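# Topology and contacts: notes
Below, each chain spelled out in residue letters.
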Amino acid sequence: MAKGTKKKEEKTLEQVLWDCRVALRGIGSTEKNRDAIIGLVFVMFASSKFEKRRQEIIDEYGEIDVFLEDKSFYLSENVYYMNETSRWSYLVQEASSNDIAVKIDTAMADIEDLNPEALKGTLPTDNFYVKLGASNSVLKGLIDAINKIQDERFQEEDLIGRVYEYFLKNYAASGTKDDGEFYTPSCVVQLIAELIEPFDGVVYDPCCGTGGMFVQSLKFVQEHNGQKEKVSVIGQESNPDTWRLAKMNLAIRGIAHNLGEKNASTFTNDLHKDTTVDYIMANPPFNLKGWRGENELIDDPRFKHAKAMPPVSNANYAWILHMLSKLDVTNGIAGFLLANGALNADSNEYEIRKQIIEEDKVEAIIVLPRDMFYTTDISVTLWILNNNKKAGVKNGRTLRDRTGEILFIDLRQWGGNIETYTIDKNKKKKKNILTDAQINDIKKMYFDWQSAEEGKYKDVPELCKSATLEDVKAKNYSLAPSKYIEFIDHDLDIDYEKEMARIQNEMKEIIAQEKESQTMLTEAFKGIGYGID
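Residues numbered from 1 in each chain as written. Predicted model: local features only at pLDDT ≥ 70, side-chain atom pairs only at ≥ 80, totals over all residues. Heavy atoms only, no water.

### A few points about the nonpolar core
With 62 residues, the main nonpolar core has Leu 40, Phe 42, Phe 128, Ile 146, Ile 149, Val 163 and Phe 167 as its most contacted residues. Ranked by residue count, the leading element in this core is helix α2 (residues 30-61), at 13 residues. (Core = buried A, V, L, I, M, F, W, Y, C linked by side-chain atoms within 4.5 Å. Buried < 20%, exposed > 50% of the residue type's maximum accessible area, 1.4 Å probe, protein only. Helix = DSSP H or I, 4+ residues; strand = E, 2+ residues; numbered from the N terminus.)

What follows is the structure, given as structure tokens:
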């Protein structure tokens, strides 16, 4: 290397993705910029899969148009058909043209039209020319930045997942409370999947956000050598922009799904009425207000059997009742998140909580560490409801009869594992995460408690407690773990007399050392004239 030359530093994937965000800085709103970037990323990945499949067809049949233009050859392999002007290579080639915004919008509209069953209403088809308001040079910079993701050093197994998760979580972290509701930290989703084990059957999310629960459930199946073909995913989402993001997120990963033909409120327009499912994974909006009209849904079957109607001012128990109505009555199991207030809520919510506890639906309550979510720093709770707490065998594990028991776990002291998200050049946000090792520890605790093997589980002070239904009744049907888990007053462990004696001895030693030092100084400077006698 010649003297004075500096080796060019290669950028990490995260740095390249940051450049994509920077390309639109100061142009539009968070939502429009998010849609622009994720939409183009979708086109790039969809094109990559299309080109790969196209080459496979050429290798097998030759370069014959009747095969290359047959959509069924692509769709059968979960690849979306794309005409020439909707492919990423065309957009890169035309990036400097004066009408690039129109060409991008046209490309996305064409992709939807050519793959209507999977993508109709999914892509931001009028975002670039009509809404975004970016100059041609800005759009070229964005395309150039996204195109760098294709570099061969980034072609890892889950590149799609890393790129999508980066944009979803960083835009959630930089947005407002409402912006951030659609993204649940992946470690929390992973924990839910590990505990309820959705190996086969139907997985449902009544408020699916960007589809993270579905992605993680399929990832769980693959990592445990299961067959994702045995799992189907259904759900819905009320926010139209978030519904589109979910459709894109699942579509680009090749995950078959049914999120309905449009966005809709689960409460007022249940798109999966009369459907029962094997698993539920969900992160409902915390303490949602105005989920129904004052006299609405009173006779709805989901709520009619309950001893009280969930209040209009808070949907927490409405979500619980809705999910219970969907679970298979024989073996259905649900893992979902709620604000901690639901553990002790009173009035109508108290009556509903009392009812589901007496019906023995609650299997575990796990309070998570604080400051894990993008829109709140409070601690939240993972609930596990189970319609089958009897003895049996599940996924090779022999389970004991847990009828009339609830496992309480409090993880609020499990902090300190920090992940940092870059909001902008001068601002970063830090959040707690659960490590893989911690997730395995929680899973072991839960599985040991379920196990038929004698002595495998033990209550641990300040961490976990197995309580009976009678214990819970005695605490007025509270589900707050702190009411059951033993708390140790560490101040009582201190022997104050012994501690005071130790402190006094240390002080005597310090005073003696100071006197000795003073004597040495007096001798050293005696007669020098510095006023030391």
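Right, picking up where we left off after that structure.
### A short note on helix α17 (residues 348-358)
The set of residues buried in α17 consists of Glu 349, Tyr 350, Ile 352, Arg 353, Gln 355, Ile 356 and Ile 357. Turning to α17, the residues buried within the fold contact α16 (316-326), β6 (362-367), β7 (380-386) and α19 (469-474). Downstream of α17 by one or two residues, Asp 360 has phi in the positive range, about 60 degrees. (Contact = heavy atoms within 4.5 Å.)

### Some points on the packing of α2 against helix α9 (residues 136-147)
Each pair of packed helices gets described by two things: the angle between the helix axes and the distance between those axes. Contact geometry for α2 and α9: axes closest at 11 Å, N-to-C directions at 50 degrees. Compared by their axis directions, α2 and α9 come out oblique. In this structure, the crossing between α2 and α9 has a hand that is right-handed. Residue-level contacts link Ile 37, Leu 40, Val 41 and Met 44 of α2 to Leu 142, Ile 143, Ile 146 and Asn 147 of α9. (Axes fitted to C-alpha atoms, helices over the stretch in contact; angles between N-to-C directions. Parallel < 35°, antiparallel > 145°, perpendicular 65-115°, else oblique. Left-handed = near helix turned anticlockwise from the far one by under 90°.)

### Description of the packing of helix α12 (residues 186-196) against helix α18 (residues 436-450)
Two elements in contact, α12 and α18, have axes whose closest approach is 10 Å; the angle formed by their N-to-C orientations is 30 degrees. If you check the angle between α12 and α18, you find them roughly parallel. The two elements α12 and α18 meet at a crossing, and its hand is right-handed. Mapping the contact onto sequence places Cys 187, Gln 190, Leu 191, Glu 194 and Leu 195 in α12 and Asp 436, Ile 439, Ile 442, Lys 443, Tyr 446 and Phe 447 in α18. When the residues that make up the contact of α12 with α18 are grouped by side-chain class, the tally is seven nonpolar, one polar and three charged. (Nonpolar A, V, L, I, M, F, W, Y, C, P; charged D, E, K, R; others polar.)

### Re the sheet that holds β6
Strands sit in the order β3-β2-β1-β4-β5-β7-β6-β10-β13 across an open sheet of nine strands; the sheet is mixed. Taken across any chain shown, the strands that pair with only one partner, and hence form the sheet edges, are β3 (257-258) and β13 (464-468). Bridge analysis of strand β2 (residues 231-235) against β3 gives two bridges, and the strand direction is parallel. In the sheet register, Ile 234 faces β3, and the bridge partner there is Asn 258. (Pairing = 2+ DSSP bridges.)

### So, the side chain of Ser 451
Here Ser 451 is to be found in the loop between α18 and β13. Residue classification places Ser 451 among the buried positions, given a relative accessible area of 12%. With sequence-adjacent residues up to four places away left out, Ser 451 is seen in contact with Thr 398, Arg 400 and Lys 456.

### Regarding the packing of aromatic side chains
All chains considered together, the criterion is met by 20 aromatic pairs. On the numbers, 4.5 Å between centres and 20 degrees between planes, the contact of Tyr 61 with Phe 67 is stacked. The exposure class assigned to Tyr 61 is partly exposed, which follows from its relative accessible area of 33%. A centroid spacing of 5.3 Å and a plane angle of 65 degrees characterise the contact between Tyr 74 and Tyr 81, whose relative ring orientation is edge-to-face. On the basis of relative accessible area, Tyr 81 is assigned to the buried category, the value being 11%. The ring of Phe 447 carries the charged tip of Arg 397 above its face, separated from the ring centre by 3.5 Å. If you follow Arg 400 out to its NZ or CZ, it ends over the ring of Trp 449, 5.2 Å from the centre. (Phe/Tyr/Trp six-rings, centres within 6.5 Å; stacked < 30°, edge-to-face > 60°. Lys NZ or Arg CZ within 6 Å of the ring centre and 35° of its normal.)

### Thoughts on the side chain of Arg 244
Note on placement: Arg 244 falls in helix α14 (residues 240-252). For Arg 244, a relative accessible area of 13% puts it in the buried group. Here Arg 244 is in contact with Asp 35, Gly 121, Thr 122, Leu 123 and Pro 124, once residues within four sequence places are set aside.

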